[in-house]
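If you want the building blocks of each chain, they are given just below.
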Amino acid sequence: MALELCPKLAIGSCCDQVEFCDATCIVNYASMFSCCDGYGVGDNIEVYEVNRTEFHWVFPDGTIFQNVDVDFVPSTPARNIFTVVSGTTGSIAVKVQGVTIGMALFTTTLLNMVVDLVTSINGQSSVTGWTADYDSNLQVTLYSTSTGNDQNNMAVDVWVGGNIQANQASLTTNSGRGTDSSCYTFTLQDLYESGPCPESYPKFPDGVYSITYILYGDDDEEITRRTVQFFFDCNVRNCFKNLLLKIAHECPCKDEDTALKVADIRNKMDAACIMFSEGDYEHANDTIQDAARMCNDFCIDC
Amino acid sequence: MVVTTLNTANLSALLAFHPGVLETARGTNYPYFDQRFIPRVMIKSKDCKTIILKDNSEINELQPETKEINDSYTTTYTIYKKCCDRWTLIQNATVLDNEDRTVFNVGDNGSGKYKVVLSFSLTYTTNQGTFTETKTMTCYLNLNCCVGLKDKLICKATKLIDDLGAIVNQWGEIGRDVTQKMKDLLMLDHYLYLLKNYCLSCSELETVGCALNKFKNC
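Below or above, wherever it landed, is the structure these notes cover. Predicted model only: the values in this text are computed from it and were never measured. (Residues numbered from 1 in each chain as written. Chains lettered and ligands numbered in written order. Predicted model: local features only at pLDDT ≥ 70, side-chain atom pairs only at ≥ 80, totals over all residues. Heavy atoms only, no water.)

Within chain A, the secondary structure is distributed over six helices and 14 strands. Classification of the 302 residues of chain A by burial places 46% in the buried group. When contacts within chain A are restricted to residue pairs at least 6 apart in sequence, those whose partners lie at least 24 apart make up 62%. For chain A, the exposed surface amounts to about 14,800 Å²; the carbon and sulfur share of it is 47%. (Helix = DSSP H or I, 4+ residues; strand = E, 2+ residues; numbered from the N terminus. Buried < 20%, exposed > 50% of the residue type's maximum accessible area, 1.4 Å probe, protein only. Contact = heavy atoms within 4.5 Å. Areas by Shrake-Rupley, 256 points an atom, 1.4 Å probe, with all protein chains shown as cover.)

Pasting the structure below:
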């Protein structure tokens, strides 16, 4: 299947952060069948081919921020690639930093030996921290089980015995990048670096956002993009909580219309959520901002 | 910082030692304090606003023979609270008495994880000179002050709604005005929504609890 980007967004509890995560499926190198539409599947690009990313943000009030580059790339595990070229007898073993992570004997064919080697490596991955996969050209790729650049530059020794021959493109691991997770936490400063901050600074205003995630390859050509809408109601939810706590503290039951006015806000918050989930972004935007206005202007009269 | 005065009367007896042993000890790097010290510190919190520490450590007597010495024993407590996955120093205290309790104020809502670093120090003077030996220990304390409170309040609000709903039904059947009762029901429903959908601190839960209590008299 074609590459289906899966951007995920989450709100920080203080309304001043939006966490973006690239949750696009990546082939699990120890289990090739766990991902059907993500990076590295079929003809889809590998996650390693993403050279840089950009974001387009459209705020609830229509303000647009284009080509926002925060140096984010999806995290990748460090890897090393080698190819088994020829041989009719002997054995092969792979060492990382001097520690053997897997080995195999030639029995019937080179392919069987490579399969045995990969099985050996993956069988010990929980201990060694390395997995492997292979292709029909007998190219074996080692991957760290953790993402990030900590596992780069480790010595990889492909030891062969008998008449087995193998080519190794690099003697060390490389290409690990990012952190443990493929996430980036946006603050308003990331978007307003060269312009004035919005009135709500440092908080993101409530409403419906449109965020476009764009991937670029080595030649800086766009690989693909995906636009998602994101519903942000953090401020009004915090306002609602504080309002109810204030009412609870000051006038738990002697008010006249408080319960009804609070119900109005709550109904609008719920309605905005439903509108958003049904794709009615314009009305969701208006309704959540109505709710925010009512909550901010609430006058407690016990 | 909490400082109390050392009562050395008992401690001198506790620190009695055999001079020969001590001389041998110093000569062979024999740790006097380490061998004779049994750290035993009580750490507790009853109200979630304070953490109480009491040093019940023992310094055992080596031999019945005593020698005139000057000694001082101090305990230093350093308390860290885990905030955003980092240990943040919140208070230091030095206590010069192994009997007194030390009380740390940890705020209105003390829920959280704490690390208490205890440093025991003994300074003693002998005919060989003055020596100071120190031991440290680290203890961890997890204060979860609101265990079950949220669930109890949800139960309470649900019961109040059920009871009030029954009254509204009864009154409705006999034609009494139920307007205010309906508003009360709605307000209770708001509190139930708050309890079910929001993350509330201890003090916030207590505020809602108080509001629910007042509904009985509404």
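Our next topic: the pattern of salt bridges. As enumerated under the stated definition, the model contains eleven salt bridges over all chains in all. Residues Lys 183 of chain B and Asp 257 of chain A are paired through a salt bridge, measuring 3.5 Å at the closest nitrogen-oxygen approach. Of this pair, Lys 183 of chain B sits in helix 5 (residues 179–197) while Asp 257 of chain A sits in the loop between helix 4 (234–250) and helix 5 (258–277), which puts the two residues in different chains. Of the charged contacts in the structure, one is a salt bridge between Asp 290 of chain A and Arg 293 of chain A, with a shortest N-O distance of 2.4 Å. Placement of both Asp 290 of chain A and Arg 293 of chain A in helix 6 (residues 281–296) is noted, with a separation of three residues, approximately one turn of the helix. By relative accessible area, Arg 293 of chain A is classed as partly exposed at 45%. Linked through salt bridges whose partners overlap, the residues forming this network are Arg 52, Glu 54, Asp 69 and Asp 220 of chain A. (Salt bridge = Lys/Arg side-chain N within 4 Å of Asp/Glu carboxyl O.)

In this section: the sheet that holds strand 8 (residues 130–134) of chain A. All names here are of chain A. One open sheet holds the four strands; their spatial order is 8-9-5-11, and the pairing between them is antiparallel. What marks the edges here is a single partner per strand, and that holds for strand 8 and strand 11 (165–168). Averaged over all pairs of adjacent strands, the angle between strand axes in this sheet comes to 30°, irrespective of strand direction. One ladder, built from five bridges, connects strand 8 with strand 9 (residues 139–147); its direction is antiparallel. Note that in strand 9 the partner of Ala 132 across the bridge is Leu 142. Of the strands in this sheet, strand 5 (77–86), strand 8 and strand 9 touch helix 1 (residues 110–123), which is tilted by about 155° from strand 8. (Pairing = 2+ DSSP bridges. Axes fitted to C-alpha atoms, helices over the stretch in contact; angles between N-to-C directions.)

Another point: the sheet that holds strand 2 (residues 18–22) of chain A. Residue and element names in this part refer to chain A. The sheet built from three strands is open, its strands ordered 1-2-12 with antiparallel pairing. Taken across any chain shown, the strands that pair with only one partner, and hence form the sheet edges, are strand 1 (7–11) and strand 12 (183–186). Strand after strand, the sheet turns through a mean of 20° between neighbouring axes, direction not considered. In terms of strand pairing, strand 2 meets strand 12 through four bridges, oriented antiparallel. Residue pairing across strands places Glu 19 opposite Thr 185, the latter belonging to strand 12.

Our focus in this paragraph is the state of the cysteines. Among covalent bonds in proteins, the disulfide is the one between the sulfur atoms of two cysteines. Residue and element names in this part refer to chain A. The tally for this structure, following the rule as stated, stands at three disulfides over all chains. The disulfide partner of Cys 21 is Cys 183, and the gap between their sulfur atoms is 2.1 Å. Here the S-S torsion is close to 105°, and the disulfide linking Cys 21 with Cys 183 is therefore right-handed. One end of the pair, Cys 21, is in strand 2; the other, Cys 183, is in strand 12, with 162 residues separating them in the sequence. In this model Cys 239 forms its disulfide with Cys 295; the gap between the sulfur atoms is 2.0 Å. Its S-S torsion of about -105° marks the bond between Cys 239 and Cys 295 as left-handed, since a negative value means left-handed. In this pair, Cys 239 sits in helix 4 while Cys 295 sits in helix 6, placing the two residues 56 residues apart along the sequence. Classification of Cys 239 as buried rests on a relative accessible area of 14%. (Disulfide = S-S within 2.5 Å.)

A word on unusual backbone geometry. Residue and element names in this part refer to chain A. The phi dihedral of Asp 71 is positive, around 60°, even though this residue is not glycine. The topology assignment puts Asp 71 in the loop between strand 4 (64–68) and strand 5. Asp 71 gets classed as exposed once you look at its relative accessible area, which sits at 71%. Positive phi values are uncommon outside glycine, yet Ser 175 reaches one of about 75°. Mapped onto the elements of the fold, Ser 175 is located in the loop between strand 11 and strand 12.

Residue and element names in this part refer to chain A. Here the largest pocket defines a volume of roughly 420 Å³. Counting residues per element, the ones that place at least two in the lining of the largest pocket are helix 4 and helix 6. No other element matches helix 6, which puts four residues into the lining of the largest pocket. Looking at the lining of the largest pocket residue by residue, the class counts come to nine nonpolar, five polar and four charged. Summarising the domain contributions, the lining of the largest pocket has at least three residues from each of domain 1 (7–74 + 182–232) and domain 3 (234–296). (1 Å grid on protein atoms, 1.4 Å probe; cavity = no way out; pocket = protein on both sides within 12 Å on 5 of 7 lines; lining within 4 Å. Points joined across faces, edges and corners; volume = space filled by probe spheres on them. Nonpolar A, V, L, I, M, F, W, Y, C, P; charged D, E, K, R; others polar. Domains from an automatic or database assignment.)

Let us look at the interface of chain B and chain A. Counting residues at the interface gives 22 residues for chain B, matched by 22 residues for chain A. At the boundary of chain B with chain A, total buried surface from both sides reaches about 2,000 Å², with 62% on carbon and sulfur atoms. Summed over the shared surface of chain B and chain A, the number is three salt bridges. Lys 241 of chain A is the partner of Glu 204 of chain B in a salt bridge, and the nearest nitrogen-oxygen pair spans 3.3 Å. Our enumeration of links across chain B and chain A arrives at eight residue pairs in polar contact (both at pLDDT 80 or more). (Buried area = accessible area lost by both parts, 1.4 Å probe. Polar contact = N/O pair within 3.5 Å; in protein donor to acceptor, adjacent residues only side chain to side chain.)

Our next topic: the packing of aromatic side chains. Residues and elements named next belong to chain A. Taken as a whole and judged by the stated rule, the model has 27 aromatic pairs over all chains. Geometrically, the ring pair formed by Phe 59 and Phe 65 is edge-to-face, given 5.2 Å between the ring centres and 65° between the ring planes. Accessibility assignment for this pair places Phe 59 and Phe 65 in one class, buried. Its end group placed over the ring of Tyr 216, Arg 52 keeps NZ or CZ at 4.2 Å from the ring centre. Lying over the aromatic face of Phe 298, Lys 261 brings its terminal NZ or CZ to 4.9 Å of the ring centre. (Phe/Tyr/Trp six-rings, centres within 6.5 Å; stacked < 30°, edge-to-face > 60°. Lys NZ or Arg CZ within 6 Å of the ring centre and 35° of its normal.)

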